[in-house]
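# Topology and contacts: notes
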Amino acid sequence: MAHRPYSIMAGIYLHIPFCKQACYYCNFHFSTSLSQKNALVDSLLEEMKLRQSYLRGQPVNTVYFGGGTPSLLSDTDLQRLMEQLHQLFTIRPDAEITLEANPDDLHPEKVRSLKAAGINRLSIGVQSFHEADLRWMNRAHNSQQALNCILYAREAGIHNLSIDLIYGGPTLSDEGWEQNVQQAIALQIPHLSCYALTVEPGTALDSFIKKHKVPPVDPDKAARHFEQLMQWLAAAGYEHYEISNFALPGWHSRHNSSYWKGEHYLGLGPSAHSFNGSSRQWNVANNSVYINGIREGKVPFEGEILSKEMQLNEYIMTSLRTSAGCNLQLVADQYGEEQRRRLESGSREFILAGKMIRQENALVLTPEGRLFADGIAAELFV
């Protein structure tokens, strides 16, 4: 089976499935009850032992605490997890260690404790600097906390910062969106992750729309906001290195980039995914089932072996989302010359339509093409 060779470095993701309250749009796995938090941390420590061999001794280049809201972890929780990671895995001295956080958790003492535990990058769920947007989303923080947390992080010595922003929502005007983006630029935030508001099945937002309590999401507004975003951030010197991600030079997310490059990663915790190049597995998305399984000495998960075609399709999907694009020489080397010729032929209509360009030996989406990235990738699948 042809697949990309083993990476020289790997990543570890830890899912912390707890939140203070449920944001209306969110469909990630989480609980608003903290009653199982201590048992969950114990289970994460045990899963590390059970899964220690998964990365086959590869040096770990990135560690990422996601969720949920990892900033709800106590100092002791985080210290225990970090100590065990270093004991069981080869964490590079210069590893990027990211923790997702909500602004309301990031008071000065908390940020100092995160820094002391080894966190050197924060991904902060700001979403908006406008009070009306935050209330509509049911966020736990306010606009002043969204500003203060950035100051506190820098005062504590954490300068590798990313913030999330959401666009296309019914309370966000074009003017309000520009204010959000220009605020981030003025604060010199080195990394931005920007997402269109989407309606996921089973979320509160989905229910509100079906009951006509809120208007449906306007796709034209979302597309307009995305086009504006690309223009404003390009003018401010940000590199649009992945569909939803923008960074000042030298500040790309190493962890997320490893996903898009097909590098290997170990996922720990309920709902976490793992990938070793030829197979993928995902832990059960249920805290109690996960905890009970770990107590019995087994990780409750499902998995799949990735066929050659599935691996190629995944590469097409992820590579076209990046500024580097789909490398045709890599396709030829890994999947055969016939697949390269097929992609070259299939790309012609998108090149003629101005949605894609050929850059040396890569197929790269244009700004217009990025609006249709998923559809274009699907057209090029095997």
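See the structure printed just above.
For clarity, every value in this text was computed on a predicted model and none was experimentally measured. (Residues numbered from 1 in each chain as written. Predicted model: local features only at pLDDT ≥ 70, side-chain atom pairs only at ≥ 80, totals over all residues. Heavy atoms only, no water.)

### Some thoughts on the packing of aromatic side chains
- In this structure the tally under the stated criterion is six aromatic pairs.
- Judged by centre distance (5.3 Å) and plane angle (45 degrees), the rings of Tyr167 and Trp177 are tilted. Here Tyr167 is found in strand 5 (residues 160–167), whereas its partner Trp177 is found in helix 6 (residues 174–186), with 10 residues between them in sequence. Across the pair, exposure class does not vary: Tyr167 and Trp177 are buried alike.
- Look at Tyr167 and Phe226: their rings are 6.3 Å apart centre to centre, the planes differ by 20 degrees, and that puts the pair in the stacked class. Placement of the pair is Tyr167 in strand 5 and Phe226 in helix 8 (residues 219–235), with a sequence separation of 59 residues.
- Given the relative accessible area of 6%, Tyr167 is considered buried.
- Of the aromatic side chains, those joined through ring pairs into one cluster are Tyr167, Trp177 and Phe226.
- For the cation-ring pair, Arg51 lies above Tyr54, with the distance from its terminal atom to the ring centre recorded as 5.1 Å.
- A cation over a ring is seen here: Lys355 above Phe372, with NZ or CZ 4.4 Å from the ring centre. (Phe/Tyr/Trp six-rings, centres within 6.5 Å; stacked < 30°, edge-to-face > 60°. Helix = DSSP H or I, 4+ residues; strand = E, 2+ residues; numbered from the N terminus. Buried < 20%, exposed > 50% of the residue type's maximum accessible area, 1.4 Å probe, protein only. Lys NZ or Arg CZ within 6 Å of the ring centre and 35° of its normal.)

### Focus: the layout of surface pockets
- Computed from the structure, the second largest pocket encloses a volume of approximately 320 Å³.
- Around the second largest pocket, the lining comprises 14 residues; the ones closest to its centre are Trp260, Lys261, Thr322, Ala324 and Gly325.
- Of all the secondary structure elements, the ones that give two or more residues to the lining of the second largest pocket are helix 9 (254–260) and helix 11 (308–320).
- Of the residues belonging to the lining of the second largest pocket, the class tally is six nonpolar, seven polar and one charged. (1 Å grid on protein atoms, 1.4 Å probe; cavity = no way out; pocket = protein on both sides within 12 Å on 5 of 7 lines; lining within 4 Å. Points joined across faces, edges and corners; volume = space filled by probe spheres on them. Nonpolar A, V, L, I, M, F, W, Y, C, P; charged D, E, K, R; others polar.)

### Remarks on helix 8
- For helix 8, built from 17 residues, the straight-helix expectation of 24 Å at 1.5 Å per residue is met to within 8% by its first-to-last C-alpha distance of 25 Å.
- Close packing links the buried residues of helix 8 with strand 5, helix 6, strand 6 (191–196), strand 7 (239–242), strand 8 (245–247) and helix 14 (367–370).
- N-capping of helix 8 is provided by Asp218, with a side-chain oxygen placed 3.0 Å from the backbone N of Asp220.
- Directly after helix 8, the chain includes Gly237, whose backbone phi takes a positive value near 90 degrees. (Expected span 1.5 Å × (residues − 1). Contact = heavy atoms within 4.5 Å. Polar contact = N/O pair within 3.5 Å; in protein donor to acceptor, adjacent residues only side chain to side chain.)

### Section: the pattern of salt bridges
- Applying the stated criterion to the full structure yields 14 salt bridges.
- Glu47 is paired through a salt bridge with Arg51; the nearest N and O atoms lie 2.9 Å apart. Accessibility classification places Glu47 together with Arg51 in one group, the buried group.
- Glu344 is paired through a salt bridge with Arg358; the nearest N and O atoms lie 3.3 Å apart. Pair noted here: Glu344 is in helix 13 (residues 337–352) and Arg358 is in strand 14 (residues 356–359), with a separation of 14 residues, a long-range link.
- Classification of Glu344 as partly exposed rests on a relative accessible area of 23%.
- A single salt-bridge network, built from bridges that share partners, covers Lys20, Asp104 and Asp105. (Salt bridge = Lys/Arg side-chain N within 4 Å of Asp/Glu carboxyl O.)

### Remarks on the packing of helix 11 against helix 15 (residues 373–380)
- Look at helix 11 against helix 15: their axes get within 9 Å of each other, and the N-to-C directions meet at 150 degrees. Viewed along their axes, helix 11 and helix 15 adopt a mutual orientation that is roughly antiparallel. In terms of crossing hand, the pair formed by helix 11 and helix 15 is right-handed. Mapping the contact onto sequence places Ile316, Met317 and Leu320 in helix 11 and Asp374, Ile376, Ala377 and Leu380 in helix 15.
- In terms of residue class, the contact of helix 11 with helix 15 is made up of six nonpolar, no polar and one charged. (Axes fitted to C-alpha atoms, helices over the stretch in contact; angles between N-to-C directions. Parallel < 35°, antiparallel > 145°, perpendicular 65-115°, else oblique. Left-handed = near helix turned anticlockwise from the far one by under 90°.)

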